[in-house]
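Coordinate inspection notes
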Amino acid sequence: RLHAMLGVRRPQWLQRVCDAMDVIAPLRLKESWDNVGLLVDPPMLGDAPAPYNILLTNDLTEKVAMEALRKKANVIVSYHPTPFRKSNRFDRSDVTARIVLALAKHDIAVYSPHVCLDCAVGGINDWILQAFGVTSSQPVTVRPVDADGTGIGRKAALPAEMTVKEAVEKVKAHFKLSHVRVGAPISAMPEEPGSTPAFVNHVGDNLKVSSVACCAGSGGDVLRGCKEDLLVTGEMSHHEVLAHTHEGRTVILTDHSNCERGYLPTLKSKLEEQFSAQGCVGDYNVFVTEVDADPLMVW
């Protein structure tokens, strides 16, 4: 890190951002493969005057980087890490390198919570379950670092039994989506299945669920051993979906980032609460990106 190389202390205003994020999504919850915390730490940040602008995004694309420049952001909090993998060179032919170099040149820091925000109490997985009115849940997997309800994934009993059609509509409304993909139990399918309104209505109206498990992003591994009636995640492999539907479970897939991005307004509120608790809420402007979007479109 350049601060360490140059003997420059991290400015207090930036450390407050890191401290606030560590309360919301403790870094101790990270996975060994992940890249979280302060990822870009420009050496001239100490010269920045208040108020400090924080841009929240799910993915740090070149469009988001340009938005950060236009809006004079001092810090980008990106759910997905950029950079993610280790690199031995920063060449402008690589998109991640271009983003990092541009942001460092303009003294814009980057922080990522990633899996820490999934595993935290009140994090993304708890937010996903709010689609169904769930207020009490437990982790799918508890690790040695977990305590007080933290852990990977979430599972819970639904407040009331509901049809698959009702569950799908709740997910679409909560995530503000026009569509999702649904894998129905093989046993619930009519003799002549097909993606027709009659088929969808048959399954949606006649199949009921009373428990749910979820995992933000890609949930194939996390949800593999779950026995809940309904599984909600962004993506699973073809064979993972088949395995669940053969065992009588319903799977709802939103596409990877569509089950994460909607949490950003909640993260904004949580950050503002932390700054208020630190007595410095007036020193920070927190805003959600207007250009970040899932890269996949339905044509």
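Details of the structure are given in the entry above.
1. Brief notes about the pairing of strand β8 (residues 230-235)
The element β8 is largely enclosed, with a buried count of 5 among its 6 residues. Judged from the 5 bridges that link them, strand β7 (residues 208-218) and β8 form a sheet pairing that is parallel. Pairing of Ser218 across the sheet is with Glu235, part of β8. Judged from the 4 bridges that link them, β8 and strand β9 (residues 250-253) form a sheet pairing that is parallel. Opposite Val232, over in β9, you have Ile252 as the bridge partner. Following the chain from β8 across helix α9 (residues 238-246) to the adjacent parallel β9, one finds a crossover that is right-handed.

2. Section: empty space enclosed by the protein
In this structure the tally under the stated criterion is 1 cavity of 30 Å³ or more. For the largest cavity, the full set of lining residues is Thr57, Asn58, Val77, Ser78, Tyr79, Pro113, Leu117, Ile124, Glu260, Tyr263, Leu264 and Leu267. Mapped by element, the contributors of at least two residues to the lining of the largest cavity are β3 (75-78) and α10 (264-277).

3. Looking at the sheet that holds strand β6 (residues 181-183)
Judged by pairing direction, the sheet is mixed, and its 5 strands sit side by side in the order β5-β7-β8-β9-β6 without closing on themselves. Two strands lie at the open edges of the sheet, namely β5 (154-163) and β6, each paired on one side alone. Between one strand and the next, the sheet's axes are offset by a mean angle of 25 degrees, whatever the strand orientation. Bridge analysis of β5 against β7 gives 6 bridges, and the strand direction is antiparallel. Counted as the bridge partner of Thr163 is Lys208 from β7. Along the sheet, helix α7 (residues 164-175) contacts β5, β6, β7, β8 and β9; its crossing angle with β5, the most-contacted strand, is approximately 120 degrees.

4. Quick look at the environment of Pro43
The residue Pro43 is located in the loop between β1 (37-40) and β2 (52-57) in this model. With relative accessibility at 24%, the residue Pro43 sits in the partly exposed group. Distance in space between the C-alpha atoms of Pro43 and Ser269 is 29 Å, their sequence separation being 226 residues.

Rules behind the numbers
- Residues numbered from 1 in each chain as written.
- Predicted model: local features only at pLDDT ≥ 70, side-chain atom pairs only at ≥ 80, totals over all residues.
- Heavy atoms only, no water.
- Buried < 20%, exposed > 50% of the residue type's maximum accessible area, 1.4 Å probe, protein only.
- Helix = DSSP H or I, 4+ residues; strand = E, 2+ residues; numbered from the N terminus.
- Pairing = 2+ DSSP bridges.
- Right-handed = clockwise from strand over helix to strand, strands pointing away.
- 1 Å grid on protein atoms, 1.4 Å probe; cavity = no way out; pocket = protein on both sides within 12 Å on 5 of 7 lines; lining within 4 Å.
- Points joined across faces, edges and corners; volume = space filled by probe spheres on them.
- Axes fitted to C-alpha atoms, helices over the stretch in contact; angles between N-to-C directions.
- Contact = heavy atoms within 4.5 Å.

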